[in-house]
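# An overview of the molecular structure
One-letter residues, chain by chain:
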Amino acid sequence: MTTEYRNFFHYSSRLNMAGVLGDVHVELLKLKKADSWFMFTRDLLLKHEILTSTLDVNDEYDDPNKSKSLRKNGNVFFKARLYWKAVDMYNRCLKACKPNTECHALAQANRSAAYFHMGQYEHCLKDALCVVESDNYPSNLVYKLHERIGHVEHILGYTERAKKSYALCLKRLDEADMSAVKKRKFRMAISIAVSNCEEVEEEPTKSTTTMETLCVEQLVGGKNENIPALSAFVELKLSENMGRGVYATCDINPGDVVAIDEPYICGPLSEFREVCHYNGCMKIHSSLIHCPKCLLVFYCNKDCMNKDYKDGHNLLCPIMYHIKSRPGITKINELAIKWFLRAYSKMGLKKYCAIVDNFSESKIDPIKRGFDEIGQYKSDDFLTAYSLDIIVNEMSIDVLFFFNCIAVDMLHYLMLSGFKIPECYIGIIGTSLVRILTILDLNYSKLKLDDLSISLTLYPTISLFNHSCDANISPSGNILDRIRVMKAVQPIPKGTQLCCNYGIKFTAFNKELRQQFCNLLRFNCYCEPCIKNWPIYHYTPNRLSTLNILNYSMADTVSSECIKFVEFTKSVDSKDYCQHLNYLYSFIKILNTNVKRPFSLYEDCLQMISNAHSISTSLKGIGL
């Protein structure tokens, strides 16, 4: 369980000021059911007026007078060449007016002009094209948009597109309120622009969207019969210490693909502002368009925007600002409400509540939790994701109460925005939000499988893998991948559990720190480095001796191969490791069989393999 909660005492401090916090703990301990917890918490926050009574923010929706004033202020900044300030005003104007109006079209067109002068041509083009497509812009001014589109396309090297845009500009010029003399001069200027295009050789089509790496990897042994995202060479088993886990049913070699999983739900990390927010996309794009209402989410095109609206953003949009301001972990809160609204949009309220109400961990065989009625475990299924471990019994009462308060807040904002929930469903929905928050929080480290992740992503099948401080599998692919491939990085003998790393390796952290980390996530680590207290990398043996050779008959061969490996590390650049994967696989297999760990050359090779998997997949994605 992560401790990085923002304003953890936001609710309890207010209850403490009211002199009721002590009684709250006593009453909560008496309650046995999750829905009783939620309803008690909701009544408590309502009684002590801790919940907000309005959705008002600084810039109100659909305020024509305010939006007009904001646009005028933007125009003042534009004329003063303070383009960044003009963009800010136009952004606020867009938030204060309805999307399908002339007001909205004027502000977006003006923002396009500001972007042009700032040299942000991709943003300029996006805005101008959106306005043209909207058909809400004054017809006597449309020619200006086509002119600007043509200029930008010319600058970006899209010469054929630019000529078509100039032709449209001239076609719409007849509608302009302009004298015949000015029109003649304007036509001459456009003719020169077209001539300039013809002098430039057409460049290859550029794509502003970085395409997701095509998944050409294949699961070793094919798909698992019951868990299609896993290899057929693994199975799900229970262990006394670690609960449910994935085990090899035959020997697995380094490089073998053991899982290919798609996310159930995902959202961009705050520091990555160029990621499309649509759950089914999540691609990096150099020029995103804002949601025209909340201005807090971004999309690579209108298609993704429309799909996200159907997935529930139309309901989330009015309260997005408030969700971002709630205590806890902002991105977890956003992902939780996005999860609920997406499921609601697909199933409807009645079916959603029926599924949630019927779910009970106590009634399900632990090994079968998350499987559907025909015995399939599918990552795109709501119940599969909803069935992931939460270990409520090991949560402190303070944390559980905190999550209930956040869920109450979320539901309250939804209802303030006009979301209709019959009284009989409030406890069910609230309880489901608490569970979703807990699942995401518990899986927080798994949501970021590596330090380069651009998003928080819940992979229900990959979540089946337990942690090891000495992982034998790791993610393969680059930060742009939505589909996640997991590959073996060490030899995995039959019967061995497959484990990934949640972000803390024995080579970098001592046992005490690792155990503290695992305790925060409410589990104990039983990996070999923890059981045998392996030293960190700095103190790892780096030479062969009688103490670490397991097979003396292979001593000379192992020694010779180690010398070759050291020379290899000196002569090969890290970016070229992917070209030598077969060699790295063979070397780690020799050491795995014949040398006692920890051994520095083994750890070096292991890291090289992990790095090479990412590099090689990245190269496939860009056609190298």
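Keep in mind the model is a prediction, meaning the values are calculated, not measured. (Residues numbered from 1 in each chain as written. Predicted model: local features only at pLDDT ≥ 70, side-chain atom pairs only at ≥ 80, totals over all residues. Heavy atoms only, no water.)

## Looking at the overall build of the protein chain
Scanning the protein chain for helices and strands turns up 23 helices and eleven strands. Along the first, second and third principal axes, the C-alpha atoms of the protein chain reach 95 × 70 × 45 Å. Evaluated residue by residue, the protein chain yields a buried proportion of 52% over its 624 residues. Taking the intrachain contacts of the protein chain between residues at least 6 apart in sequence as the baseline, contacts between residues at least 24 apart amount to 69%. As displayed, the protein chain has an accessible area near 29,500 Å², and 52% of this comes from carbon and sulfur atoms. Computed over 74 positive and 69 negative side-chain charges, the separation of the two mean positions in the protein chain equals 4 Å. (Helix = DSSP H or I, 4+ residues; strand = E, 2+ residues; numbered from the N terminus. Buried < 20%, exposed > 50% of the residue type's maximum accessible area, 1.4 Å probe, protein only. Contact = heavy atoms within 4.5 Å. Areas by Shrake-Rupley, 256 points an atom, 1.4 Å probe, with all protein chains shown as cover. Lys, Arg positive; Asp, Glu negative; His and termini not counted. Charge placed at Lys NZ, Arg CZ, Asp CG, Glu CD.)

## Let's talk about the nonpolar core
Of all hydrophobic cores here, the largest spans 109 residues; its most connected members are Trp339 and Phe465. Tallying contributions element by element places helix α16 (residues 397-416) first for this core, with 13 residues. The next biggest cluster of nonpolar side chains, apart from the first, holds 24 residues, and it includes Ile549, Val572, Cys605 and Leu606. (Core = buried A, V, L, I, M, F, W, Y, C linked by side-chain atoms within 4.5 Å.)

## Regarding helix α14 (residues 349-358)
For α14, the full list of buried residues reads Leu349, Tyr352, Cys353 and Val356. Buried residues along α14 cover an arc of 95° about the axis, so they all sit on one side. When the buried face of α14 is taken as reference, the exposed residues oriented beyond 90 degrees from it are Lys350, Lys351 and Asn358. Elements that come into contact with the buried residues of α14 comprise α13 (330-347), α15 (382-386) and α17 (423-442). (Arc of directions from axis to C-beta.)

## Some thoughts on the sheet that holds strand β2 (residues 243-248)
In a beta sheet, neighbouring strands pair by backbone hydrogen bonds and run either parallel or antiparallel. A sheet is described by the order of its strands in space; here four strands give the open sequence β1-β2-β11-β8, paired in mixed fashion. Only two strands of the sheet have a single neighbouring strand rather than two, namely β1 (234-239) and β8 (466-467). Here β1 pairs with β2 via six bridges, running antiparallel. Its bridge partner being in β2, leucine 238 is matched across the sheet by arginine 244. (Pairing = 2+ DSSP bridges.)

## Examining the pattern of salt bridges
Applying the stated criterion across every chain yields a total of 20 salt bridges. In this structure, glutamate 27 engages lysine 30 in a salt bridge whose closest nitrogen and oxygen atoms are separated by 3.4 Å. Of this pair, glutamate 27 and lysine 30 are both found in helix α2 (residues 21-30), three residues apart, which corresponds to roughly one turn of the helix. The closest approach of N and O atoms between lysine 564 and glutamate 561, which form a salt bridge, is 3.7 Å. Within this pair, lysine 564 and its partner glutamate 561 are both found in helix α21 (residues 555-571), separated by three residues, close to a single helical turn. Using a relative accessible area of 47% as the deciding quantity, one classes lysine 564 as partly exposed. Judged by relative accessible area, which is 16%, glutamate 561 ranks as buried. Each of the salt bridges in this network shares a partner with another, and the network as a whole consists of Asp311, Arg342 and Lys346. (Salt bridge = Lys/Arg side-chain N within 4 Å of Asp/Glu carboxyl O.)

## A look at unusual backbone geometry
The residue after arginine 597, namely proline 598, is reached through a cis peptide bond having omega 5°. Summarising the element assignment, proline 598 is placed in the loop between α22 (581-594) and α23 (600-621). Even without glycine at this site, aspartate 135 takes up a positive phi of about 60°. Tracing the chain through its elements places aspartate 135 in the loop between α7 (121-134) and α8 (142-156). The phi dihedral of asparagine 533 falls on the positive side, at around 55°, and the residue is not glycine. Along the chain, asparagine 533 turns up in the loop between α20 (528-531) and α21.

## Examining the packing of helix α4 (residues 64-79) against helix α5 (residues 83-95)
Two packed helices can be described by the angle between their axes and the distance between those axes. Two elements in contact, α4 and α5, have axes separated by 8 Å at closest approach and are oriented at 170°. Here α4 is positioned roughly antiparallel relative to α5, judged by the angle of their axes. Of α5, the residues touching α4 (which contributes Ser67, Leu70, Arg71, Asn73, Gly74, Asn75, Phe77 and Phe78) are Tyr83, Lys85, Ala86, Met89, Tyr90, Arg92 and Cys93. Taken together, the residues of the contact of α4 with α5 break down into eight nonpolar, four polar and three charged. (Axes fitted to C-alpha atoms, helices over the stretch in contact; angles between N-to-C directions. Parallel < 35°, antiparallel > 145°, perpendicular 65-115°, else oblique. Nonpolar A, V, L, I, M, F, W, Y, C, P; charged D, E, K, R; others polar.)

## Description of the packing of α5 against helix α6 (residues 102-118)
Between α5 and α6, whose axes approach to 9 Å, the crossing angle comes to 160°. On the basis of the axis angle, α5 is roughly antiparallel to α6. The crossing of α5 and α6 is left-handed. When α5 is examined against α6, the residues Tyr83, Trp84, Val87, Tyr90, Asn91, Cys93 and Leu94 are found in contact with a partner set consisting of Cys103, His104, Ala107, Gln108, Asn110, Arg111, Ala114, Tyr115, His117 and Met118. Across the contact of α5 with α6, the residue classes tally to eleven nonpolar, five polar and one charged. (Left-handed = near helix turned anticlockwise from the far one by under 90°.)

## Overview of α2
Among all positions in α2, only Leu21, Val24 and Leu28 are buried. Taken end-on, α2 shows its buried residues confined to a sector of 45°, consistent with a single buried face. Exposed residues pointing more than 90 degrees away from the buried face of α2 are listed as Gly22, Asp23, Leu29 and Lys30. Tucked inside the fold, the buried residues of α2 contact α1 (10-17), α3 (34-47) and α16.

## Re the pairing of strand β4 (residues 265-268)
Judged by which residues are buried, β4 turns out to be covered on both faces: Ile265 and Gly267 on one side and Cys266 and Pro268 on the other are all buried. Here β4 pairs with strand β7 (residues 455-458) via four bridges, running antiparallel. Bridging from a neighbouring strand, proline 268 pairs with serine 455 of β7.

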